[in-house]
Amino acid sequence: MKSNTFNYSLLAVGVAAVMGVSTGANAATPAAAVTAGAAPINNVATASYSIAGVSQPSVTSNTVTVNVSETANFALTSTVDDGSIGDDTAINQTATPGGTTTFTHNLTNTGNVTDTYTINTTGNDSSLVTATPDYRLGTAPVTFTIVQADGTPLTSAQVTALGTQAQTGTLTNGGTIRLQPGTRANLSYEAATPDDSIGNDKGVGTLTATSTFFTANNAPGATLVNENQTIVRLPTFKITKTATSTVDLTVDNPQIAYSIVVTNATTDYSAAATDFVIRDVLPAGLSLPNGTASDVTVTGAGTATISTIGGRQAIDVAVANLAVGASRTITFTVNVDKNQFTAANSSVTNNAEVYDKFVGPVSPLPATPVLGTDYDIFDSTDGTVGVTRIPDEAGEGNGAGIDTPGVTNFTRRAVAVSNPTTREVPPASGTASQATHSTLITNSGQDGEGTNTNPLTFTIADGGNNGAVRPATGPVSATYTPPGNGAPVTITLQPTVAGGNTYTLNSTTLPTAQFPNGIAPGGTLAINYNVSSGNVAAPETVADAAAVGSTETSVVTLTPAGINAPAATTVTDTTNVRGLTLVKSQALDATCSGTVAASTFIQDVVEAKPDQCVIYRIQATNTSSAALGFNLNALTISDLLSNFSTGADLVAGSPATSATASSTAGIASTTSTAVLGTNYTLVPQGVGTLTFKIKIKNAR
């Protein structure tokens, strides 16, 4: 519940003790009764007589005197049930703006003389009351009924004794009433509360009775004062509305789940709320799935109705009663029209409202309610509107009536990395033979990506499985393909940290000419990065190179930032080490005829005899794949003569080379130290072969 423009102050509640007003929980009475001597009654009797028809002189008796003592006293008592019946105050009586509060008092003649009293109501504008109210109760007519002091009706004699004094009636302010001893007047008047008052406003006024007898005798305490106090009590609505915080507009049927909790918050001035209406006018673009009350769940008593206001669906829930401290919960789900939220980083705020009247029901609530006619209290989760009639501090900070709207941010962003690749690299790639992976960033959402508003960061991390294979650090190339298969554009991206593997895409790193709005919806950006092998460009030892047949992974992570950022995504690329394998096999040529079947070549032990021949076959294979591989160039196969010269002789003219299709066979030759096959070129999966024959020595 929001604050409003009405001012208020606190009232120091107390009992006036001025000019004879009682300071205890007693009726207001004078400090002492007043006794005045009336004129004495002197009575003399006379007699007249005659004797025999002759008048005689009148006879006068002695004088007897009666002295009359008149005692006046009276009491003015509040009869309002405020927890302390019978005193001279009525405190914290409930009031509503524009309404009236009834105060009742008894004025009793406790003396023995008929007295006349002047009755006044005041708006706290006399020196008799020291409290500072928020408003004055003001003057008002006072109705009266005269009864006996114990409350029973007057006797016939008392009624007759009234004379011209009416038994019941209404006194204008300053009017008088005459009471016989032992009778009382039941007094009642309506104290008005201003229309513009707010919750917790206090009002103070008085009802006074002034004794004519006391005044005539200049006695103190001629005027008794009863103090009347009001407090404006109103419902203090607290509206808590929650909504699905983030909704992805790229899904087929985006929805928002709402909950509205309306609480009549507990304060010193709260009152039960009756016959009010909770309203939710759905923002444009939101609608109930069925458009009926069945879409709405009300926890607790309450009836939902659905209508259309300004082309938007409206939910009204009429609530008959909500006690102080109680709540009412309303839940429902709405469909989202994606076409209504096309702006980047859009959101929707849904406000709930409460309409209440001081008196009478609100329902049915018209489409355009009128203040003072259809409602008196209007609370909304929209902090710019509202006529809540509660103190300012109740609607601020953590005030009892603080309201919260339902806000949903729409995620139109959908950007992710994809396209894991497998590449091959030689044992020592240097810079020329590095493997190039191409990870694809695809914007399948509705907002531009790689802008200052929606920046992207991607990292390329080593999988850590193979120490001799790792992603190359430094700049990477990126190829952008605009939506609709536009002309590709290739740029170079520098790492965020020099020599690192972290890269940021924003309006600064992506050139404006090619990327006026970042990666446009439907566009793709291929990140081309290299993986190297070997610890140096030209390994000095076998330990410096990666092992043929080994493998390594690299992980590319894309992390979107900015408003409503999608989750990070990753791609794992694989780099396999491929190169040359060399297999040596042999076959027995027992007759040294020079030809043997290929199937006879084995890698196991061959049993040979002197003067028999053995044919060696050395096969070099390019293990890279046909799709991903590379050629092996300038290949030389060498077999040292010292490997066999102790036990066998090279058969002259036997060295020969061959190669599989598309590869180039080397040139066979013999030096003083080795049998050679030189200058092979092997395509991926190509095999180059060197064969030669040796003859086992006899009598060695």
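The structure reproduced in this document is the subject of the present report. (Residues numbered from 1 in each chain as written. Predicted model: local features only at pLDDT ≥ 70, side-chain atom pairs only at ≥ 80, totals over all residues. Heavy atoms only, no water.)

## A closer look at the overall build of the protein
Within the protein one finds two helices and 49 strands. Split into buried and exposed, the 700 residues of the protein put 45% on the buried side. A separation threshold of at least 6 residues defines the contact pool for the protein, and within that pool the share at least 24 residues apart is 75%. Total accessible area computed for the protein in this model is approximately 31,300 Å², and 51% of it derives from carbon and sulfur atoms. (Helix = DSSP H or I, 4+ residues; strand = E, 2+ residues; numbered from the N terminus. Buried < 20%, exposed > 50% of the residue type's maximum accessible area, 1.4 Å probe, protein only. Contact = heavy atoms within 4.5 Å. Areas by Shrake-Rupley, 256 points an atom, 1.4 Å probe, with all protein chains shown as cover.)

## Describing the state of the cysteines
For the structure on display, the rule yields one disulfide. The side chain of Cys-592 participates in a disulfide bridge whose partner is Cys-613; the two sulfur atoms lie 1.8 Å from each other. As the torsion about the S-S bond is roughly 100°, the Cys-592-Cys-613 disulfide counts as right-handed. Taken together, the positions of Cys-592 in the loop between β42 (580–589) and β43 (613–622) and Cys-613 in strand β43 put the pair 21 residues apart, joining distant regions of the chain. (Disulfide = S-S within 2.5 Å.)

## Things to note about the environment of Val-359
Mapped onto the fold, Val-359 is located in the loop between β28 (353–356) and β29 (377–380). The spacing of Val-359 and Thr-96 is 263 residues in sequence and 8.9 Å in space, taken between C-alpha atoms.

## What to know about the nonpolar core
Leu-107, Ile-119, Ile-177, Ile-256 and Phe-332 are the most contacted members of the largest nonpolar core, which totals 67 residues. When residues no more than four places from it in sequence are discounted, the contact partners of Leu-107 are Phe-74, Ala-75, Leu-76, Tyr-117, Ile-119, Ile-177, Leu-179, Thr-183, Arg-184, Ala-185, Leu-187 and Ala-209. In terms of nonpolar packing, the next biggest core, distinct from the first, is built from 29 residues, Leu-456, Val-476, Leu-525 and Val-531 among them. (Core = buried A, V, L, I, M, F, W, Y, C linked by side-chain atoms within 4.5 Å.)

## Section: the sheet that holds strand β30 (residues 406–411)
Ordered in space as β19-β30-β27, the three strands form an open sheet in which the pairing is mixed. A single partner strand is all that each edge strand has here, and the edge strands are β19 (246–248) and β27 (347–350). With direction set aside, neighbouring strand axes in the sheet form an average angle of 25°. Both β19 and β30 contribute to a ladder of three bridges, which runs parallel. (Pairing = 2+ DSSP bridges. Axes fitted to C-alpha atoms, helices over the stretch in contact; angles between N-to-C directions.)

## Re the pairing of strand β40 (residues 551–560)
The alternating pattern of β40 places Glu-552, Ser-554, Val-556, Leu-558 and Pro-560 on a buried face, while none of Thr-551, Thr-553, Val-555, Thr-557 and Thr-559, on the opposite face, is buried. Direction of pairing for strand β34 (residues 456–462) relative to β40: antiparallel, over a ladder of seven bridges. By the bridge assignment, Phe-458 is partnered in β40 with Leu-558. Strand direction decides the pairing type here: β40 and strand β41 (residues 569–577), joined by eight bridges, are antiparallel. Looking at β41, one finds that Glu-552 is bridged to Thr-575.

## With respect to the side chain of Asp-447
Mapping Asp-447 onto the fold places it in the loop between β33 (435–443) and β34. Of the polar contacts made by the side chain of Asp-447, one reaches the side chain of Arg-412; its length is 2.6 Å. (Polar contact = N/O pair within 3.5 Å; in protein donor to acceptor, adjacent residues only side chain to side chain.)

## Examining the packing of aromatic side chains
Scanning the model with the defined rule gives 14 aromatic pairs in all. Geometrically, the ring pair formed by Phe-74 and Phe-214 is edge-to-face, given 5.4 Å between the ring centres and 85° between the ring planes. Highlighted residues: Phe-74 in strand β7 (residues 74–78) and Phe-214 in helix α2 (residues 212–216), separated in sequence by 140 residues. Each member of the aromatic cluster is reached from another via a ring pair, and the members are Phe-74, Tyr-117 and Phe-214. Directly above the aromatic system of Tyr-258 lies the positively charged group of Lys-241, at a separation of 4.9 Å from the ring centroid. Lying over the aromatic face of Tyr-616, Lys-584 brings its terminal NZ or CZ to 4.5 Å of the ring centre. (Phe/Tyr/Trp six-rings, centres within 6.5 Å; stacked < 30°, edge-to-face > 60°. Lys NZ or Arg CZ within 6 Å of the ring centre and 35° of its normal.)

## Overview of the side chain of Asp-295
Note on placement: Asp-295 falls in the loop between β22 (286–287) and β23 (296–299). One buried charge, Asp-295, has no salt-bridge partner; the nearest side chain with opposite charge is Lys-241, at 15 Å. There is a polar contact of 2.8 Å between the side chain of Asp-295 and the side chain of Asn-290. There is a polar contact of 2.8 Å between the side chain of Asp-295 and the backbone nitrogen of Gly-291. Sequence-distant contacts of Asp-295, defined by excluding residues within four places in its chain, comprise Leu-288, Pro-289, Asn-290, Thr-331, Phe-332 and Thr-333. (Lys, Arg positive; Asp, Glu negative; His and termini not counted. Salt bridge = Lys/Arg side-chain N within 4 Å of Asp/Glu carboxyl O.)

## Considerations on the sheet that holds strand β13 (residues 168–171)
Strands sit in the order β7-β9-β15-β12-β13 across an open sheet of five strands; the sheet is antiparallel. A strand with exactly one partner marks an edge of an open sheet, and here the two such strands are β7 and β13. Averaged over all pairs of adjacent strands, the angle between their axes in this sheet comes to 25°, without regard to strand direction. Two elements, strand β9 (residues 100–109) and strand β15 (residues 183–192), share nine bridges in a ladder whose sense is antiparallel. Its bridge partner lying in β15, Thr-100 is registered against Ala-192.

## Quick look at the environment of Gly-360
Position of Gly-360 relative to the elements: it lies in the loop between β28 and β29. Classification of Gly-360 as partly exposed rests on a relative accessible area of 31%. Put simply, Gly-360 and Asp-374 are 14 residues apart on the chain and 9.7 Å apart in space, counted from C-alpha to C-alpha.

## Details of a nonpolar patch on the surface
Judged by side-chain polarity, Tyr-49, Ile-51 and Val-59 come together as a nonpolar surface patch covering roughly 280 Å² of accessible area. Turning to its location among the elements, Val-59 is positioned in strand β5 (residues 59–66). (Patch = residues over 30% accessible without salt bridge, like charges linked within 9 Å, V, L, I, M, F, W, Y side chains within 5 Å.)

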